[in-house]
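Close look at the chain arrangement
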Amino acid sequence: MEVAIQILIAIIALLHCYIMWFEMFAWETKGKKIFKTFPPDLFPKTKTMAGNQGLYNGFLAVGLLWTFFINNVVWKSNIALFFLSCIAVAGIYGAFTASKKILFVQTIPALITIVLIGLRKGI
């Protein structure tokens, strides 16, 4: 189960690195392809805001990557649970406000990983 948890954390962290990249540096190009229902004229107007969102996604990714350098299992689990919970909550909000797809891309993988960590901890 530990290997599955580590793989999921790595995938989620990489996903958030990707989200950071497109929100900070490719909002007007890649963003239009990802958020197809947004009006095209919205992207230049929201470039700064998207960059800020991207920065926060980068922080989430770094928080998850940090867990790979923590040796204490309890501390490692708690840090992972914190960042995964942040991602799950942000994904739920994003699904309601931006795109339902966010629920499947962000929230569900985070919740699955949270459940696996809980099972490993015996919660």
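Heads up: the structure comes first, above all this text.
Summarised in this report is the structure supplied together with it.

Rules used throughout
- As a convention, each chain's residues are numbered from 1 in the sequence order in which they are written.
- Selection of residues for local features in this predicted model requires a pLDDT of at least 70, selection of side-chain atom pairs for listing and counting requires 80 or more, and totals for whole chains, interfaces and linings are taken over all residues.
- To get the side-chain values, all heavy atoms of the structure are used, and hydrogens and water are removed first.
- The salt bridge definition used is simple: a Lys or Arg side-chain nitrogen within 4 Å of an Asp or Glu carboxyl oxygen.
- Put simply, DSSP H or I for four residues or longer makes a helix, DSSP E for two residues or longer makes a strand, and each gets a number counted from the N terminus.
- Any residue under 20% of the maximum accessible area for its type is buried, any over 50% is exposed, and the rest in between are partly exposed; the area is computed with a 1.4 Å probe on protein chains only.
- Two N or O atoms count as a polar contact when they lie within 3.5 Å, although within protein this holds only if one can serve as hydrogen donor and the other as acceptor, and sequence-adjacent residues are included solely when both atoms are side-chain atoms.
- A contact between two residues is defined here by any heavy atoms of the two lying within 4.5 Å.
- Helix span is expected to be 1.5 Å times the residue number reduced by one.
- Only buried residues count toward a nonpolar core, which is a set of Ala, Val, Leu, Ile, Met, Phe, Trp, Tyr and Cys residues joined through side-chain atoms within 4.5 Å.
- The axes used here are C-alpha line fits, helices contributing only the stretch in contact, and every angle between their N-to-C directions lies in the interval 0 to 180 degrees.
- Here the angle decides the label: under 35 degrees means roughly parallel, over 145 means roughly antiparallel, 65 to 115 means roughly perpendicular, and every other value means oblique.
- The hand of a helix crossing depends on one turn: near helix anticlockwise from the far one by less than a right angle means left-handed, and clockwise means right-handed.
- Polarity classes work like this: nonpolar for Ala, Val, Leu, Ile, Met, Phe, Trp, Tyr, Cys and Pro, charged for Asp, Glu, Lys and Arg, and polar for all others, with Gly in that last group.

1. Some remarks on the pattern of salt bridges
Summed over all chains, the structure comprises 3 salt bridges. Close ionic contact of E28 with K47 constitutes a salt bridge, the shortest N to O distance being 3.6 Å. With E28 in the loop between α1 (2-25) and α2 (30-34) and K47 in helix α4 (residues 47-66), this pair connects stretches of sequence that are 19 residues apart. In this structure E28 comes out as partly exposed when scored by relative accessible area, which is 30%.

2. Overview of the side chain of H16
With respect to the helices, strands and loops of the structure, H16 is situated in helix α1. A polar atom in the side chain of H16 sits 3.4 Å from the side chain of Q106. Filtering out sequence-adjacent residues up to four positions away, H16 remains in contact with N57, G58, L60, A61, I87 and Q106.

3. Notes on helix α5 (residues 73-97)
Under the 1.5 Å per step criterion, the end-to-end length of α5 is 36 Å for 25 residues, consistent within 8% with the ideal 36 Å. Listed as buried for α5 are K76, S77, I79, A80, L81, F83, L84, I87, A88, G91, G94 and A95. Of the residues flanking the start of α5, the one acting as N-cap is N72, its side-chain oxygen 3.0 Å from the backbone nitrogen of V74.

4. Overview of the nonpolar core
Core analysis: the largest hydrophobic core is formed by 17 residues, its most contacted members being L64, L84, I87 and I117. Elements with a minimum of two residues in this core: α1, α4, α5 and α6 (101-121).

5. With respect to the packing of α1 against α5
For the pair α1 and α5, interaxial distance at closest approach is 12 Å and the crossing angle is 45°. In terms of orientation, α1 lies oblique with respect to α5. For the crossing formed where α1 meets α5, the hand is left-handed. Contacts from Q6, I9, I12 and H16 of α1 reach α5 at K76, A80, L84 and I87. Broken down by class, the residue content of the contact of α1 with α5 amounts to 5 nonpolar, 2 polar and 1 charged.

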